[in-house]
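# Observations on the three-dimensional arrangement
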Amino acid sequence: MALQILYAWDFRGRKSEELSPLISAVKKKFAPDFDDDTFLLSIIRGVLGSLEEINGLIVKYAPEWPLEQITTTDRNILRIGIYELKYVEDIPAKVAINEAVELGKAFGGESSGRFVNGVLGAVYQEMVANGEPKAIANENEVVEVPDQQANQSND
């Protein structure tokens, strides 16, 4: 649901006043019995609250793809993945990356999974190199490493 909401928000011009109605509409349509907004809202608020930094990391690790040229789906999968990777202590790095890759495979284009894996793998490697606490806590994880074609997106 977070991906659907962020996708619609991004696609419609990133208007903050549309966010609340989008959340309600997506919940009503796709999960009418969903009654625990805590995690969903924390992801949406977290992504939007760190949007400038998150977008900066996407630009840094996908240099051949200006942010606006990355598909709306891939861009928002990356935003969620980076947010979970860097800021959500309860989600191990491997889980954040793997979930984002699976979203890319399910909802993106042919090369979305590789693209998402490449960008998130590079962000994680930077976290390890910088000694960020979450990366240190997850040091023994096996995290997918970007391949040669990681920085290729789909259209």
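The shown structure was predicted, so the numbers you read here are calculated from the model rather than taken from an experiment. (Residues numbered from 1 in each chain as written. Predicted model: local features only at pLDDT ≥ 70, side-chain atom pairs only at ≥ 80, totals over all residues. Heavy atoms only, no water.)

## Quick look at the overall build of the chain
Within the chain one finds eight helices and zero strands. What you see in the chain, going N to C, is helices and strands ordered as α-α-α-α-α-α-α-α. Relative to its full complement of 155 residues, the chain shows a buried share of 50%. Roughly 8,300 Å² of accessible area belongs to the chain as shown, and the carbon and sulfur atoms make up 52% of that amount. (Helix = DSSP H or I, 4+ residues; strand = E, 2+ residues; numbered from the N terminus. Buried < 20%, exposed > 50% of the residue type's maximum accessible area, 1.4 Å probe, protein only. Areas by Shrake-Rupley, 256 points an atom, 1.4 Å probe, with all protein chains shown as cover.)

## Notes on helix α4 (residues 51–61)
Along α4, the residues that are buried comprise Leu-51, Ile-54, Asn-55, Leu-57, Ile-58 and Tyr-61. One side of α4 holds all its buried residues, which, seen down the axis, span an arc of 155 degrees. Tucked inside the fold, the buried residues of α4 contact α1 (2–11), α3 (37–49), α5 (72–87) and α7 (112–129). (Arc of directions from axis to C-beta. Contact = heavy atoms within 4.5 Å.)

## A look at the nonpolar core
Within the largest apolar cluster, 46 residues are counted, with the highest numbers of intra-cluster contacts made by Ile-44 and Leu-85. Every element with two or more residues in this core is listed here: α1, α2 (19–30), α3, α4, α5, α6 (93–107) and α7. A total of eight residues in this core trace back to one element, the largest contributor, which is α7. In contact with Leu-85, not counting residues within four places along its chain, are Ala-93, Ala-96, Ile-97, Leu-120, Val-123, Tyr-124, Met-127 and Lys-134. (Core = buried A, V, L, I, M, F, W, Y, C linked by side-chain atoms within 4.5 Å.)

## Some details on the layout of surface pockets
One number sums up the size of the largest pocket: a volume of about 400 Å³. Those elements giving two or more residues to the lining of the largest pocket turn out to be α1, α3, α5 and α6. Looking at the lining of the largest pocket, its residues break down into 15 nonpolar, three polar and two charged. (1 Å grid on protein atoms, 1.4 Å probe; cavity = no way out; pocket = protein on both sides within 12 Å on 5 of 7 lines; lining within 4 Å. Points joined across faces, edges and corners; volume = space filled by probe spheres on them. Nonpolar A, V, L, I, M, F, W, Y, C, P; charged D, E, K, R; others polar.)

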